[in-house]
Structures are given as C-alpha cells and as structure tokens.
Amino acid sequence: MQSDITFIDGGVCAAQGFTANGVLAKIKASRTKNDLALILSERPCSAAGVFTQNRVKAESVKLTKKNIANGRIQAVIANSGNANCCTGEQGAKVAFRMAELAAQATGVSADDVVVCSTGVIGAQLPVEKIEAKMTELAKGLSKDGNARAREAIMTTDTQYKECAVEFTLGGKTCRIGAMCKGSGMIHINLGTMLAFTTTDAAISPKMIEKALRESIKGTYNCVSIDGDTSTNDTLVLLANGMAGNKEITSEGEDFDTFLAALNKLNRVMAMKIAADGEGATRLVQCTVNGARTVEEARGLAKEVISSSLVKAAMYGADANFGRFLCAMGYSGIEFTPEKTSIWFTSKGGAKRYFEDNDTFEVHGDNSVQVYDNGVPVIFDEEKAKRIMSEEAVEILVQCGDGNASGTAWGCDLTYDYVKINGDYRT
C-alpha cells in the first residue's frame, strides 16, 4: 500500500543532507539576478540523468554524461547566461574547470560533479567570472539556499519552478525536492530545460535510473512549448539515503511508492514549465481518454498541444475544434474520429491546478462540449470563450477505441513569443 504523498516547501533543500546557494557572477554583463548555482549533498549520492537527444550537445552535457555514468554524484554547479555550446576545445576546458572549481570549494571529487549551463549558444563562457565567485558560492551553502539557487538558473523564465513532496518508505519519512528552468526551446523528449531533483531516500543507482526513465515518460517528455529541442537539456536525480529507509534495490512496494512520489513531483514541474512558456498567457492541458494504449493516448495528446494552429486558437480563445482533430489525424496513431468527443474545461487559476493534479470535470459552468461522437455540437460561443480565456484550460478528448488515458501540457502561442526570440542574443 502506497503512503500518502504531501507537498512541502524547500525545493532541492527539502531532503535531508542537501544545501544550495546562488550568486551573481554577471556571466552575461546585463544580468542583475543570480546566475550561478551550487547544490551539495553531505554524502555521495546514487544518481541518474537524462539528456538532450540533439546531436549538437553543450560541453556541460558531454562532461556530465561522463561523470554520472558510474551512478555516483555529490554536487551540482550550474550557470545561466551562457550555454557553453558550439565552443570547441575551449568550451570543454571550461566545463571541466567548473567541475574542478566546485570540487575544490566543497571537498568532493571533480568526477562527482554535475555541470550544467544555459543561455546563449555559440559564445565562449567566461570561466574567470565563475572562479571569482566560487568561494562566496560555496560559503553561502545553506538549507534555505534553494531560493537563491532557483533564481540563478532562470533565463527567459518569468517565475521560478520548484516543488517538494514528503512520503513514507519502510516507516521512514522521505522527501524529494526539485527546481528546474525552462521557458523556450521546449519540445517532446526534453527541452531547454535544466532540472535538478534531490531525495534523501535510499535507492540503488540501478533503481534510481529505472525510476527516472519511467517517470519522465508521462511528465517531462509530455511538454511542448514551441517544437524546438535544445542542446543543453539535463535532468538529474540524486539520492543520498539519509532518510534511513532500507535501500531500494529491486522492484516492489517500496519502489512503487518512490515512483509514485517522483511522478507526483515531476508532473507538477512539467506543468510549471508549460505554464511559463515564452510569451504564454495560459497553461494548456490535453487529456485523451479511451485510447488503445497509454503510449497512444499520450501520443495523441502531445500532437494536439504541439500544433501551432491549436496553440494560436488557444491564444485567441477560439473553440475551433477542427484543428484539434486535424492534429490527432496526422499523428500517425490510429483512432476512430466517428467515436471521438471533445470538451473544453477549466478550473480557473493554474496554481490551483498544480495543487490538485486532477483531470477537470466535464460538466457544469466550467465545461463546454463542442464535438460528440463524430458530430459537431451546437454550443454557447461566449461560454466557450470565457472558459478558454482562463489561466489553465484543458482540452478533454474522449475516444472510443480502448480504456487507456494520457496527458500532455503546452501553452498558447502569442505575439510575445516572437518578440522574445527575435532579439534573444542581442
């Protein structure tokens, strides 16, 4: 039986034995907020990571993949303002120097450091600015440092993204906490996303890898902002075992409980990324029920939220359901249009949805049906516009092909997206 999972404060510092900090190094000259972050565990951690599938990879990604391969990590150093990508041999030296600096300042091995960078691609990262701030960064590590660290990884993000949960394993209280950044260049199979997840649960490297890869299928890999995938995507999960539970070394009840807690946390983080898409005015969730398999349900939902025409319709609060069916139709996934129905629903604020984590209701004042078993429904256009103008909107699709469900998250496409990306570098 799985324990209750509750939301708590603290982000990456919520779990025992983890501290963090963030400082301003002015890696990008115009920066006024923190841009250099450090996370440290008191003990070496079981660790796993997933990374960009782009053939062009940042130097930090290359180094981190090498360091995390043995399943052991103890510290994370991350910067914003410069991606350290397409920077050649000099960039590789800078990434290693960042690991070396973090190691020297914290007393861990350089091989046990995750290095992450985010920002402009194709510019050399001024590592001397990091060197100048390393002592201050390490000395400021604390249990409330999550607030400084979460700010330091933001680029075009308009708000920080953080979450933590508490649950029980073998009679021991365990916690998982996370912070991430991501606002643009976000698409299925990760986006311009740095995500750091910490836990005090005891779990082996093999099982933490299994849990992470299973969890991202229905969370981080179900988010799309603009169809672009990045060169720097990194998601790491660190477990130091300080909660004192019996180490999870195989599948079973404890593994299922840990995975459920990780899923709950990652689902919220995925939604926060979608809600803060560049220029976005609303979170868009698409849930597909009645598909043949979970994979196909998620695939259909992903196609809907990835469509530029759908995203434009969401911006205009236009219940143009033909665009949604069209996107499902070119997905390559089999479904029966004549057995398909569509609703638009909303609860109102996105924050409430993060907390509830539930599918919207399909009746009452906050729901309108627009398509019923392959036939258009006469509906109240003004009601539909009101519902679709809310901060968080769900497209609920009911297929008639099976019993599986899947969800994906995106946002609307606005004029501001073009403005933000038209002069991102300059």
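Source: prediction; values computed, not measured.

To continue, consider the overall build of the protein. Helices and strands together make up the secondary structure of the protein, namely 12 helices and 15 strands. Every one of the 426 residues in the protein was classed for burial, and the buried ones make up 59%. Put simply, 81% of the contacts in the protein that link residues at least 6 apart link residues at least 24 apart. Here the protein has roughly 16800 Å² of accessible surface; of this, 47% comes from carbon and sulfur atoms.

Here the focus is the pattern of salt bridges. Side chains carrying opposite charge are able to pair once their charged atoms draw close together. All chains considered together, the criterion is met by 14 salt bridges. One salt bridge in this structure joins Arg 97 and Glu 131, with 2.9 Å as the shortest N-O distance. Placement of the pair is Arg 97 in helix α2 (residues 88-106) and Glu 131 in helix α3 (residues 127-139), with a sequence separation of 34 residues. Take Arg 97: its relative accessible area is 24%, and that puts it in the partly exposed class. Residues joined by salt bridges that share partners form a network here, namely Arg 97, Glu 100 and Glu 131.

In total, this model carries three aromatic pairs according to the counting rule given. For the ring pair Phe 167 and Phe 258, a centre distance of 6.3 Å and an interplane angle of 65° mean the geometry is edge-to-face. One end of the pair, Phe 167, is in strand β6 (residues 161-169); the other, Phe 258, is in helix α6 (residues 253-275), with 91 residues separating them in the sequence. A residue is classified by how much of its surface remains accessible, and Phe 258, at 0% relative accessible area, is buried. With a centroid separation of 5.3 Å and an interplanar angle of 70°, the aromatic rings of Phe 324 and Phe 344 are classed as edge-to-face. With Phe 324 in helix α9 (residues 321-329) and Phe 344 in strand β11 (residues 341-348), this residue pair connects regions lying 20 residues apart in the sequence. Using a relative accessible area of 0% as the deciding quantity, one classes Phe 324 as buried.

Another aspect to go through is the pairing of strand β2 (residues 18-23). Look at any regular strand and the pattern is simple: side chains alternate between the two faces of the sheet. Of all six residues in β2, six are buried; the element is thus mostly enclosed. By the alternation rule, side chains of β2 split into Phe 18, Ala 20 and Gly 22 and Thr 19, Asn 21 and Val 23, which are all buried. Relative to strand β3 (residues 36-51), β2 runs antiparallel, the two sharing six bridges. In the sheet register, Phe 18 faces β3, and the bridge partner there is Ser 41.

This part takes up α3. Spanning 13 residues, α3 covers 19 Å between terminal C-alpha atoms, matching the ideal 18 Å at 1.5 Å per step. When α3 is considered as a whole, its buried residues turn out to be Val 127, Ile 130, Met 134, Leu 137 and Ala 138.

A few words now on the environment of Asp 157. Mapped onto the fold, Asp 157 is located in the loop between α4 (146-152) and β6. Distance in space between the C-alpha atoms of Asp 157 and Gly 277 is 7.7 Å, their sequence separation being 120 residues. At a separation of 3.0 Å, a polar atom in the side chain of Asp 157 contacts the main-chain amide nitrogen of Thr 155. In terms of polar contacts, Asp 157 uses its side chain to reach the side chain of Lys 161, at 2.7 Å.

For the protein, the average pLDDT comes to 89, and 88% of its residues sit at 70 or higher. Per-residue pLDDT stays below 50 along residues 184-188; that stretch engages in 33 contacts with residues further than four places along the chain or on separate chains.

A word on a negative patch on the surface. A cluster of acidic side chains, namely Asp 318, Asp 380, Glu 381 and Glu 382, defines a negative patch on the protein surface. Along the polypeptide, Asp 318 turns up in the loop between α8 (308-315) and α9.

Attention now goes to the side chain of Asn 232. Following the sequence through the fold, Asn 232 ends up in the loop between α5 (205-216) and β9 (234-239). From its side chain, Asn 232 meets the backbone oxygen of Ser 117 in a polar contact 2.7 Å long. Once residues within four sequence positions are removed from consideration, Asn 232 is found in contact with Thr 52, Ala 58, Ser 60, Val 61, Ala 83, Cys 85, Ser 117, Thr 118, Met 193 and Leu 194.

In this section: α9. What α9 keeps buried is the set Phe 321, Phe 324, Leu 325, Ala 327 and Met 328. An end-on view of α9 places all buried positions within 160° of arc, on one side of the element.

Our next topic: the environment of Gly 290. Among the secondary structure elements, Gly 290 is positioned in strand β10 (residues 283-291). On the basis of relative accessible area, Gly 290 is assigned to the buried category, the value being 5%. Taking the C-alpha atoms as reference points, Gly 290 and Gly 402, separated by 112 residues in sequence, lie 4.7 Å from one another. The residues touching Gly 290, leaving out its near neighbours within four places in the chain, are Gln 398, Cys 399, Gly 400, Asp 401, Gly 402, Asn 403 and Ala 404.

Definitions and cut-offs
Residues numbered from 1 in each chain as written. Predicted model: local features only at pLDDT ≥ 70, side-chain atom pairs only at ≥ 80, totals over all residues. Heavy atoms only, no water. Helix = DSSP H or I, 4+ residues; strand = E, 2+ residues; numbered from the N terminus. Buried < 20%, exposed > 50% of the residue type's maximum accessible area, 1.4 Å probe, protein only. Contact = heavy atoms within 4.5 Å. Areas by Shrake-Rupley, 256 points an atom, 1.4 Å probe, with all protein chains shown as cover. Salt bridge = Lys/Arg side-chain N within 4 Å of Asp/Glu carboxyl O. Phe/Tyr/Trp six-rings, centres within 6.5 Å; stacked < 30°, edge-to-face > 60°. Pairing = 2+ DSSP bridges. Expected span 1.5 Å × (residues − 1). Polar contact = N/O pair within 3.5 Å; in protein donor to acceptor, adjacent residues only side chain to side chain. pLDDT = per-residue confidence, 0-100. Patch = residues over 30% accessible without salt bridge, like charges linked within 9 Å, V, L, I, M, F, W, Y side chains within 5 Å. Lys, Arg positive; Asp, Glu negative; His and termini not counted. Charge placed at Lys NZ, Arg CZ, Asp CG, Glu CD. Arc of directions from axis to C-beta.

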